[in-house]
Amino acid sequence: MIERIYILESVDPLMFYGVNNSHLQLVKNLFPKLRIVARGNVMKVIGEEEASEDFLKKIREIEKYCESCNSLTEEVILGIVKGEKIKLEKQANLIIYGVNGKPISARSENQQKLVNSFDGNDLVFAIGPAGSGKTFIAIAIAVRALKNKQVRRLILSRPAVEAGEKLGFLPGEMKDKLDPYLQPLYDALQEMIPATKLKEYMENNTIQIAPLAFMRGRTLNDAIIILDEAQNTTTQQIKMFLTRLGTNAKMIVTGDITQIDLPSSMKSGLVQAMEILERVPGIGRIKFEKKDIVRHKLVQRIVEAYEKKENNV
């Protein structure tokens, strides 16, 4: 009899073990000759060497499937243990599987262009109206790169323009004051990464979410860096951000130049950067349009109505 240890490194143990440990109990039933004990992300197996090796091989396959699809069912466990080849359903323009196995795909031509542009460039500008999915797709691309171990960390940032005006009146410490403003970034991540795993990533700084001011003085290596709401940056801020790019790193800059919250006397750093860098090679540029809006159907109509009003003025 030998004792072997297996550590779940890439999946949420709660999802892996199932509700009320139903998946774990199924695995135990499928390997009756082994004694299997699980605590947290550590699994201990005691038994004959050959049976233990077979168990570890199957568990690796199950974990790999779980990591890829962000979901696990008893049917999949049974199939893998029996040696069946589990086929994943083909999804058009799939980027990753989100929480509970929900496929996250590019849903418009320009969303797919953003995916393709990211693959071919180290810096991509994604400009377009609210609801066109530019930020959500950018974060999905970044999460995919992290899961595929192309980078070691994700860094998501926003210029805290509106928050900066009212910070002193908000309760709590600096993090408490800024978190509500950064909430859209948290919301997207919560759709893609299980809660326990996301918490772990946040605690060990694999994923960092911070206001733009916190980027100053840093060199960002082995990372995907996303700047959201970049239309609200000043010239100095966006220049500072773009020059943080380090080795084995990529940047995605998103913004909506029709919703600039800077003082009217101040030019948007995003608009200026697009002009200055127009002829610089190695930079991708995707312009989203009203037809790319993927929120409630009313959002597109609202955008169109405001545009008509502005054009009539």
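Note that the structure is a prediction, hence the values are computed from the model and not measured. Numbering of residues starts from 1 in each chain and follows the order in which that chain's sequence is written. Two thresholds apply to this predicted model, a pLDDT of at least 70 for residue-level local features and 80 or more for giving and counting side-chain atom pairs, whereas whole-chain, interface and lining totals are computed over all residues. In computing side-chain properties, one takes all heavy atoms of the structure into account and sets aside hydrogens as well as water.

Glancing now at the pairing of strand β3 (residues 42-47). Consecutive residues of a regular strand have side chains that alternate between opposite faces of the sheet. Note on pairing: two strands pair once DSSP finds at least 2 bridges between them. Going along the chain from the N terminus, every DSSP run of H or I of four or more residues is numbered as a helix, and every run of E of two or more is numbered as a strand. Taken together, the 6 bridges between strand β1 (residues 2-7) and β3 define a ladder with antiparallel strand orientation. Counterpart to Tyr6 in the pairing with β3 is Met43. Relative to β3, strand β2 (residues 35-39) runs antiparallel, the two being bridged by 5 bridges. In the strand pairing of β3, Arg39 is matched with Val42. Between β2 and β3, which pair antiparallel one after the other, the connecting turn spans 2 residues, and Gly40 there sits at a positive phi close to 65°.

Another aspect to go through is helix α3 (residues 49-69). Compared with the 30 Å implied by 1.5 Å per residue over 21 residues, the 30 Å span of α3 between its first and last C-alpha is a close match. Residue exposure (1.4 Å probe, protein chains only): buried if accessible area is under 20% of the type maximum, exposed if over 50%, otherwise partly exposed. For α3, every residue scored as buried is listed here: Ser52, Phe55, Leu56, Lys58, Ile59, Ile62, Glu63, Tyr65, Cys66, Glu67 and Cys69. Just beyond α3, the residue with positive phi is Asn70, at close to 55°. How far a helix is expected to stretch is found by multiplying one less than its residue total by 1.5 Å.

The next point concerns the packing of aromatic side chains. Within 6.5 Å between ring centres, the rings of Phe, Tyr and Trp (the latter by its six-membered ring) count as paired, and their orientation is classed by plane angle as stacked under 30 degrees, edge-to-face over 60, tilted in between. Tallied over the entire structure, the rule returns 2 aromatic pairs. Consider the rings of Phe16 and Tyr17, whose centres lie 6.0 Å apart with planes at 75°: the pair is edge-to-face. Accessibility expressed as a relative area gives 5% for Phe16, which makes it buried. The class of Tyr17 is buried, set by a relative accessible area of 7%.

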